[in-house]
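Here's the letter readout for the chains.
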Amino acid sequence: MATRRDFIRISALGAGGTAVAWPLVRNFAKELVDPERFIFEGMRRTPTYCEICFWKCAGWVYKNDKGDLWKIIGNDEDLHCNGRFCPRGTGGVGMYNDEDRLKTPLIRTQDRGKQVFREATWDEAFTYIADKLKKISREHGPECTALFTHGSGGKYFSTLLKAFGSPHIAAPSYAQCRGPREVAFQNTFGEGVESPERTDIRDTKCLVLIGSHIGENMHNGQVQEMSVAIDKGAIIITVDPRYSTAASKSKYWLPIKPATDLALLLAWIHVILEEELYDKAYVEKYTMGLDLLQAHVKGMTPEWAYGITTIPPEVIRQMAREMGHASPAVIVHPGRHVTWYGDDTQRLRAVAILNALLGSWGRRGGFFKPETASVPEVPHPAFPTPKRTWRTEFPDLYRLSDSVLANGVCDATIPDPSRGCNFKAWIVNGTNLIETLPNQDNTIKAIEALDLLVVIDTMPMEITGYADVVLPECTYIERYDEIRVSPHRKPQIALRMPALKPKYNTKPAYWMARELAKKMGLEAFFPYEKIEDLLDWQLKQLGTSLEEMQRIGVKTFERTADDLYFAPDEEVEFGTNSGKIELYATAFEQEGFDPLPKYTAHEEPPAGYYRLNYGRAPMHTFSRTSNNPNLTDLMDENSVWVNPKVAQEWGLTNDQYIHLRNQDGKRSEFPIKVRITERIRWDSVYMVHGFGHDQKRLKRCYGKGASDTNLITKVLVDPLMGGTGMRGNFVTFITESEEVKS
Ligand SMILES: Nc1nc2c(c(=O)[nH]1)N[C@H]1C(S)=C(S)[C@@H](COP(=O)(O)OP(=O)(O)OC[C@H]3O[C@@H](n4cnc5c(=O)[nH]c(N)nc54)[C@H](O)[C@@H]3O)O[C@H]1N2
Ligand SMILES: Nc1nc2c(c(=O)[nH]1)N[C@H]1C(S)=C(S)[C@@H](COP(=O)(O)OP(=O)(O)OC[C@H]3O[C@@H](n4cnc5c(=O)[nH]c(N)nc54)[C@H](O)[C@@H]3O)O[C@H]1N2
Ligand code: SF4
Ligand SMILES: [Mo]
């Protein structure tokens, strides 16, 4: 059997086609697929999928009689949204209308960190980039180039990078988001949770949310299914140090002491085993390691956990019984942004184990088995084989990671004599790394060491200020993109096409990647002349066509097998080492990690400091929507939530502007408004991520609110897979300051 590390090595290289010249895919349905027909011939409705967040709901863009953008609404056929967009999705109109958008390619002419750029033609910009990349490749090897990407156009730049000879494609959705969850579930069930999550919320009888703040986290389908479940009488248990929107809809709210969840989870496992609340037939048939687990959690009683979590023992027992009674229609939700305290993979392993004991994996009301349509890749020459990967620079670290780490690339960019190669060029597509990666000083240090930073974005975000070349992308409303395929109860595809011509001198990512490829002699990897030809070729092989998809937007296929849930007594081979659900993770043991999760205490805030907690607001997505005219109307700054007891101690009043300073002396760049509320524990403060922008070109949001990233200087890295735990930072209040507003 291939070891995990072999698997990582193979997958990092990617599987290319065979090395022959491929004919161009072209002109299959020329008249039918021309987008100009929609733009100019008065078609009012064009399909899209939303780019405001990564739930990727499919919808319709409507124009008015004059041909101006009117509204964006959900597509009724879409499994991600069921015809309804969230407030951010309908506010997508503002992304198109934002007058602060990037308008033309820019090339840096002066100091980094300051936006001193000259306007350039596309050809100049591409020539500049291609020349630099070729030089870097000659001097250091193509592997010294990395792509950071979060968003649809990433596919095309990934092809370009692989064609160039680099395997270094990193997404912040791994090591800054759901990486630990995927590693934990893969090593328990042999499969990850994926996106959209395979949680069967609509049919669940008991939903346990541990720091998963659905309702503020507006991932559409989940929010809708949670409200269906509530209507059907499901019990919701929310574990959160903050009284979240989800907590307000819950039967039970457990205001846990932050950073102690793993103790609660282990105590729940203890009770479920001790009181025999687990699904015995399921556990016997499908799992391995029960005896070892039983011995492991023997002393981890509710009384033990009480001292750690502050949750009373009788509450811990009662919740375990609620879960046991609902089994197998119970979901201990794995969450999504799970990079909290550095032991996140182990915390998510405890979540996975609980679900396994309750028999919820593969069961109605638990976790279903999703199916995904597969879109054929256009045949192209084989990608060259890279000679090095980022792993060479991190021998023996993060052995369970199966993706390139954004933070790893960042660290390996900072010059270090012990490293064979440092990264020299970054291409950054659709990710505002300055706000996205923790420890901003580190990110900036890495950027300062680069020979080339190319940023593809729609807005003049913080990261564009550090670029050598800025390539302005048109918004998702003005472009085609790859066909959306995502795992769901039924396989489904969705089309995004331009509803309007790109504003200003902006272009889609697929065009940029192909033009750059031409300059670099790599056009064989993009064997089509027009994106419409590629899409039509792909869609025809799925039994549809571009013409049909332009009319219907979303197409649903039947499942290939009736296996949404396990059939009674079904024999199942799980994709783990043992072929069983591994309560005891053998792959962890092989790599020298704890095969069963252990609780270790985390650092506590020093006197006068409070744990910095952060999360989402329903009307914004990260830092990307803070300047959106429609969404700033709904919320234009964040505030810091402070417990009344703490506010009294510090003499804070509601709506007062203060600064925050963290344990390393880092002060928030801008003042933030105080919100005094019982909804946060006395040991923490809370703020919404994505505010406190320091780019003056973002006229609506510049200086509004504070940035959590600014204050996250301490990073708790997960030793198993390199995830960046961000919740180990503490802040205090600065009320006396010349910059305080009121
Ligand atoms: N401090 C802190 N850090 C975090 C988080 C947190 O809560 N707090 N959350 C983490 C999580 S869970 C995640 S998933 C990541 C998210 O990280 P990112 O995806 O980097 O988040 P955004 O800040 O929205 O940055 C997106 C960038 O893409 C640009 N953009 C938007 N649309 C387009 C487009 O169509 N084309 C192109 N080319 N660019 C576009 C935006 O202008 C913006 O610059 O952040 C992680 N980092
Ligand atoms: N509106 C909106 N929705 C979004 C996004 C967005 O930007 N805007 N982003 C999407 C993305 S990419 C992601 S990854 C998800 C993230 O959303 P989730 O995965 O749901 O949540 P997290 O960001 O991990 O956690 C936030 C919650 O954790 C609580 N918390 C903090 N510390 C602790 C602790 O020690 N223990 C416990 N039990 N709870 C704690 C906070 O109080 C808060 O309620 O949201 C998605 N949905
Ligand atoms: S959940 Fe909202 S923002 Fe995200 S893709 Fe769907 S409509 Fe867009
Ligand atoms: Mo995320």
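Caption draft 1: Geometry of the domain arrangement of the chain. The domains assigned to the chain are domain 1 (181–369) and domain 2 (610–741). For domain 1 versus domain 2, the separation of C-alpha centres amounts to 29 Å. Interface of domain 1 and domain 2: buried area, both sides summed, is about 2,000 Å²; carbon and sulfur atoms make up 55% of it. Considering only the side of domain 1, the residues that lose the most area to domain 2 are R242, H337 and Y341, jointly responsible for 24% of the buried surface there. Taken together, the links from domain 1 to domain 2 amount to zero salt bridges. Inspection of the region where domain 1 meets domain 2 yields eleven residue pairs in polar contact (both at pLDDT 80 or more). Class assignment of the residues belonging to the side of domain 1 that touches domain 2 gives a composition of ten nonpolar, eleven polar and five charged.

Caption draft 2: The sheet that holds strand β17 (residues 492–494), seen in detail. Strand order in the open sheet formed by three strands is β16-β17-β18, with antiparallel pairing between adjacent strands. Of all strands in the sheet, those bounded by a partner on one side alone are β16 (484–486) and β18 (554–556). Ignoring which end each strand starts from, the neighbouring axes of this sheet average 20 degrees apart. Pairing of β16 with β17 involves three bridges; the strand directions are antiparallel. Following the sheet pairing, R484 is matched in β17 by A494.

Caption draft 3: Broad picture of the site of ligand 3. In the vicinity of ligand 3, the contacting residues are C50, I52, C53, W55, K56, C57, F85, C86, R88, G89, M218 and N220. When grouped by side-chain class, the residues that make up the shell around ligand 3 number eight nonpolar, two polar and two charged.

Caption draft 4: Structural detail: helix α18 (residues 440–448). Where α18 is concerned, the buried positions are Q440, T443, A446 and I447. Each buried residue of α18 lies within a common arc of 125 degrees when the element is viewed along its axis, so the set occupies one face. The secondary structure elements touched by the buried residues of α18 are α16 (406–413), β13 (425–429), α17 (433–436), β14 (452–457) and α25 (708–711).

Caption draft 5: View of the packing of helix α6 (residues 154–164) against helix α19 (residues 509–519). Across the interface, α6 lies against α19 with an axial gap of 8 Å and an inter-helix angle of 15 degrees. Considering their axes alone, α6 and α19 lie roughly parallel with respect to each other. The handedness of the crossing between α6 and α19 is left-handed. Taking contact as the criterion, the partners of Y156, F157 and L160 in α6 are, on α19, A509, Y510, M512, A513, L516 and A517. Residues that form the contact of α6 with α19 fall into these classes: nine nonpolar, no polar and no charged.

Caption draft 6: Structural context of the packing of aromatic side chains. Summed over the entire model, instances satisfying the criterion amount to 25 aromatic pairs. Ring centres 6.1 Å apart and planes at 45 degrees place the aromatic pair F185 and F367 in the tilted group. Placement of the pair is F185 in helix α7 (residues 172–189) and F367 in the loop between α15 (344–357) and α16, with a sequence separation of 182 residues. There is no split in this pair, since F185 and F367 are both buried. Three or more aromatic residues link up through ring pairs in this structure, and these residues are F185, F189, W361 and F367. Directly above the aromatic system of Y504 lies the positively charged group of K103, at a separation of 5.0 Å from the ring centroid. Over the ring of W641 we find R242; its NZ or CZ atom is 5.0 Å from the centre of that ring.

Cut-offs used in this document
Residues numbered from 1 in each chain as written. Chains lettered and ligands numbered in written order. Predicted model: local features only at pLDDT ≥ 70, side-chain atom pairs only at ≥ 80, totals over all residues. Heavy atoms only, no water. Domains from an automatic or database assignment. Buried area = accessible area lost by both parts, 1.4 Å probe. Salt bridge = Lys/Arg side-chain N within 4 Å of Asp/Glu carboxyl O. Polar contact = N/O pair within 3.5 Å; in protein donor to acceptor, adjacent residues only side chain to side chain. Nonpolar A, V, L, I, M, F, W, Y, C, P; charged D, E, K, R; others polar. Pairing = 2+ DSSP bridges. Helix = DSSP H or I, 4+ residues; strand = E, 2+ residues; numbered from the N terminus. Axes fitted to C-alpha atoms, helices over the stretch in contact; angles between N-to-C directions. Near = heavy atom within 4 Å. Buried < 20%, exposed > 50% of the residue type's maximum accessible area, 1.4 Å probe, protein only. Arc of directions from axis to C-beta. Contact = heavy atoms within 4.5 Å. Parallel < 35°, antiparallel > 145°, perpendicular 65-115°, else oblique. Left-handed = near helix turned anticlockwise from the far one by under 90°. Phe/Tyr/Trp six-rings, centres within 6.5 Å; stacked < 30°, edge-to-face > 60°. Lys NZ or Arg CZ within 6 Å of the ring centre and 35° of its normal.

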